[in-house]
Each structure stands twice: as structure tokens, then as C-alpha cells.
Amino acid sequence: MHNDGMPDADLLVRMYRTLFSIRRFEQRGIQLYRQGLIRGYFHPYLGEEAIATGVCAALRHGYDYIASTHRGHGHCIAWQADLKRMTAELLGRADGYCRGRGGSMHIADVTVGNLGANGVVAAGIPIAVGAALGAQIRGEDRVAVVFCSDGAANNGTFAEALNLAAAWSLPFVMVIENNQYAVSTPIEQSAREPQLYKRGIGYGVESVRVDGNDVVEVYRAAARAAAACRAGEGPALIEAVTWRHQGHHVNDPGAYMPQDTMAYYKQEHDPVDLGRALLRDRCAMSEEAIAAIEAEVEAELEEAATFAKNSPQPATDEFLAEVAAAV
């Protein structure tokens, strides 16, 4: 990192690759959904890519912990998930991360500290607090990060878990992905104070509000928060303000979202476009070099889709045996 806090060129390139990977993974996932290959809900992370990318880049992969949400594909990819196994899980196939049992909303890989996505709003928060407590008890300098939504901020467990983390000075970082809508309810209609970072201040937690579409700003905030936690000065809260590029899920047209605001975030303040500009302006990369990175990602995603389509369906007898064992 440079003296001005700007990540070095290598990190900027890696972060752009992650931004672009998440964007294209989600777009291809929507195509697979439309083809009838993905069952259940599918909540795209389009427009929010800089949050997962910047936060995970500031952490130690395979050592720290992350806990995710129902809109969790981006977190997994930023945490270096294998795109083949990710796609196979979306398709409910046996070679997926959860052997096809989890699907879109429940991808996890505890072997590298990914404690999993969660279909229950705010449910990842106490899980991450528990991981932080475990690290503290063991005397490790691990950090546990939870991604949660602005809708989760109005769930009781949000306050309970954050207060506990503060009372025990846990190495816990709460990242609120404020895309400004809880399904179709705008934040202004669900909270008198829409700046959610202020809730953390009320619990004595170091809390900041950042531009969630600026990957460098997110990275800087996450790096500071992680360093504080490793020094025993946790927890920390980051409110990253962003805007999703469509409705709540793939079948929600998002007609309730103001079109002028949508146009601004898509055309003038898109996180992938901003990341691409960083490569041109800060790394002096040519359009051809950037296109080469994108072509590599496209090839990986094509290979992942082929792998997933050829992956077998989960064995019925194995599934029934697991159900019987759980009874």
C-alpha cells in the first residue's frame, strides 16, 4: 500500500479481477436461471461488487472468518471460491460446495473460514460473533467479518449481537451493505435515522460510513477495522452505501426503484466501471491489457458452466440416509 493508503498496482489488478468476476458470474447465473437450470430464489449482487471485493482483500484468506447473506455469491467469490464448485452448487449438483444441498442462498466452505450464506435475514451476525469469541478465547488474532443488509439492521439479533461483541471487545467487524431497500421498502420508511453507522456509535463501536461502490474506500476502511481488531480494539462497524442494479431477486422487476437514481448508479457510479478506471489511471494499463483480464474471467466462467452442467445430480439414497440420520 502506498503512503496515501492507495493499494499497490498488483492489488488493484486483483481487486478488479474480483469485481469483474462477480459481475459476470451473476449475469451468467441469471441466464442459467432463465434456462430453468437453477431452482428456488436467486438474489443477484449486481451493483454491490466493491463491498465484498474491498473487504475480503483486507483480510487473511483461510485464516479469518466471513459470514454471508442470502445475497452472498459475491462474498464467496471475493473469498476466492472456486467458480466451478460455485456454479455446480447453484445448479444443485453433487460437485457443488454443499453437494447440491445448499443452492444459491447457503453456500459455505468452513475449511477456509467461509461460515456460509444464510437465507434468514441477520442470522449470520451471531454466527460471526461466535467465531470472534472463539478466536479471542484461543488467543488468536483472527478477525470475524459479517456481511449484512440494511434490512438486517432492524432485526433484534443485530442489536443483541453487536452489543455483546462490544461488551467483550471481540475481533468482530460488521459490514452493513446498505443498498437502501429491504426488499421493496426504502430505508427512509423503516428508520428515522437512515445513516445506519450511527447505531454502532450508540454501542461504543468504532463506526464509519463509506461509499460502497468505491473499492479503494471500502478496502481502506476494512483494513483499518481489521487492524484494530487484531490489536484487541474491536469490534468495528462499516456501513457501505450502495445500490443494487435490479429488484430484490431475479423475478422482481424493481419498479419501485427511482429510475433516475438507478441510472446514476449504473451509468455514472458503477463499481466495476470505477475499478476499471483505477487500472487505467493508477496502473497505466491499456484497454487491451484490461480486456485480457476480462477474457480470462470469461473463459473461467464458461468452463465453470460446463463443469456444473456435467456434474451429476445428488444421489437420492444418500440424501435419504442423511435425512434419516437427522431425525
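Residues numbered from 1 in each chain as written. Predicted model: local features only at pLDDT ≥ 70, side-chain atom pairs only at ≥ 80, totals over all residues. Heavy atoms only, no water.

K.L.:
Go over the side chain of arginine 142, please, and point to the residues and values.
P.N.:
Summarising the element assignment, arginine 142 is placed in the loop between α5 (124–138) and β2 (144–149). With relative accessibility at 19%, the residue arginine 142 sits in the buried group. A polar contact of 2.7 Å, which involves the side chain of arginine 142, links it to the backbone oxygen of tyrosine 63. Reaching out from arginine 142, the side chain makes a polar contact with the side chain of glutamate 140 at a distance of 3.1 Å. Excluding anything up to four places from it in sequence, arginine 142 contacts Tyr63, Asp64, Tyr65, Ala135, Pro171 and Arg230. (Helix = DSSP H or I, 4+ residues; strand = E, 2+ residues; numbered from the N terminus. Buried < 20%, exposed > 50% of the residue type's maximum accessible area, 1.4 Å probe, protein only. Polar contact = N/O pair within 3.5 Å; in protein donor to acceptor, adjacent residues only side chain to side chain. Contact = heavy atoms within 4.5 Å.)

K.L.:
Give a detailed account of the side chain of aspartate 252, specifying residues and quantitative values.
P.N.:
Among the secondary structure elements, aspartate 252 is positioned in the loop between β7 (236–241) and α10 (259–268). One buried charged residue, aspartate 252, remains without a salt bridge, the closest side chain of opposite sign being arginine 244 at 4.4 Å. Reaching out from aspartate 252, the side chain makes a polar contact with the side chain of tyrosine 256 at a distance of 2.6 Å. With sequence-adjacent residues up to four places away left out, aspartate 252 is seen in contact with Arg244 and Gly247. (Lys, Arg positive; Asp, Glu negative; His and termini not counted. Salt bridge = Lys/Arg side-chain N within 4 Å of Asp/Glu carboxyl O.)

K.L.:
Kindly report on the pattern of salt bridges, identifying the contributing residues and their values.
P.N.:
Applying the stated criterion across every chain, the model contains 21 salt bridges. Between glutamate 318 and arginine 101 there is a salt bridge, with its nearest N and O atoms 3.3 Å apart. Separated by 217 residues along the polypeptide, glutamate 318 in helix α13 (residues 316–326) and arginine 101 in the loop between α4 (83–90) and α5 bring together distant segments of the chain. The partly exposed category is assigned to glutamate 318, whose relative accessible area is 35%. You can call arginine 101 partly exposed: its relative accessible area is 28%.

K.L.:
Break down the pairing of strand β3 (residues 172–178) for me, with residues and values.
P.N.:
β3 sits mainly inside the fold: seven of its seven residues count as buried. Because side chains alternate across β3, one face comprises the buried residues Phe172, Met174, Ile176 and Asn178, and the other comprises Val173, Val175 and Glu177, equally buried. Once the chain exits β2 it traverses helix α6 (residues 156–167) before rejoining the sheet at β3, and the crossover so formed is right-handed. Inspection of the sheet shows β3 paired to β7 by six bridges, in the parallel sense. Counterpart to valine 175 in the pairing with β7 is isoleucine 238. (Right-handed = clockwise from strand over helix to strand, strands pointing away. Pairing = 2+ DSSP bridges.)

K.L.:
Give me the sheet that holds β3: which residues, what numbers.
P.N.:
Spatial ordering of the open sheet is given by β1-β2-β3-β7-β6, a layout of five strands whose pairing is parallel. Each of the sheet's edge strands pairs with one partner strand only, and the pair in question is β1 (65–67) and β6 (206–211). Averaged over all pairs of adjacent strands, the angle between their axes in this sheet comes to 20°, without regard to strand direction. Together, β2, β3 and β7 form the strand contacts of α6, whose direction differs from that of β3 by roughly 150°. (Axes fitted to C-alpha atoms, helices over the stretch in contact; angles between N-to-C directions.)

K.L.:
Give a detailed account of a nonpolar patch on the surface, specifying residues and quantitative values.
P.N.:
Among the surface-exposed residues, Phe319, Leu320, Val323 and Val327 lie close enough to one another that they form a single nonpolar patch of about 420 Å² accessible area. By relative accessible area, which is 39% here, phenylalanine 319 ends up partly exposed. (Patch = residues over 30% accessible without salt bridge, like charges linked within 9 Å, V, L, I, M, F, W, Y side chains within 5 Å. Areas by Shrake-Rupley, 256 points an atom, 1.4 Å probe, with all protein chains shown as cover.)

K.L.:
If you had to explain unusual backbone geometry to someone new, which residues and values would you point to?
P.N.:
Glycine aside, the phi torsion of most residues is negative, and most peptide linkages are trans. Cis geometry marks the peptide bond from glycine 234 to proline 235; its omega dihedral reads 0°. On the secondary structure map, proline 235 appears in the loop between α9 (215–230) and β7. Positive phi outside glycine occurs at glutamine 80, with the angle close to 65°. Locating glutamine 80 in the fold gives a position in the loop between α3 (73–78) and α4. Judged by relative accessible area, glutamine 80 falls into the exposed class, the value being 56%. One non-glycine residue with positive phi stands out, namely valine 183, at about 60°. Locating valine 183 in the fold gives a position in the loop between β4 (181–182) and β5 (185–186). The exposure class assigned to valine 183 is partly exposed, which follows from its relative accessible area of 42%.

K.L.:
Describe the packing of aromatic side chains, naming the residues involved and giving the relevant values.
P.N.:
A full pass over the atoms with the stated rule returns six aromatic pairs. Plain terms: the ring middles of tyrosine 181 and tyrosine 256 are 5.5 Å apart, the flat faces sit at 50° to each other, and that makes the pair tilted. You can see tyrosine 181 sitting in strand β4 and its partner tyrosine 256 sitting in the loop between β7 and α10, a full 75 residues away along the chain. On the accessibility criterion, tyrosine 181 (9% relative accessible area) is buried. (Phe/Tyr/Trp six-rings, centres within 6.5 Å; stacked < 30°, edge-to-face > 60°.)

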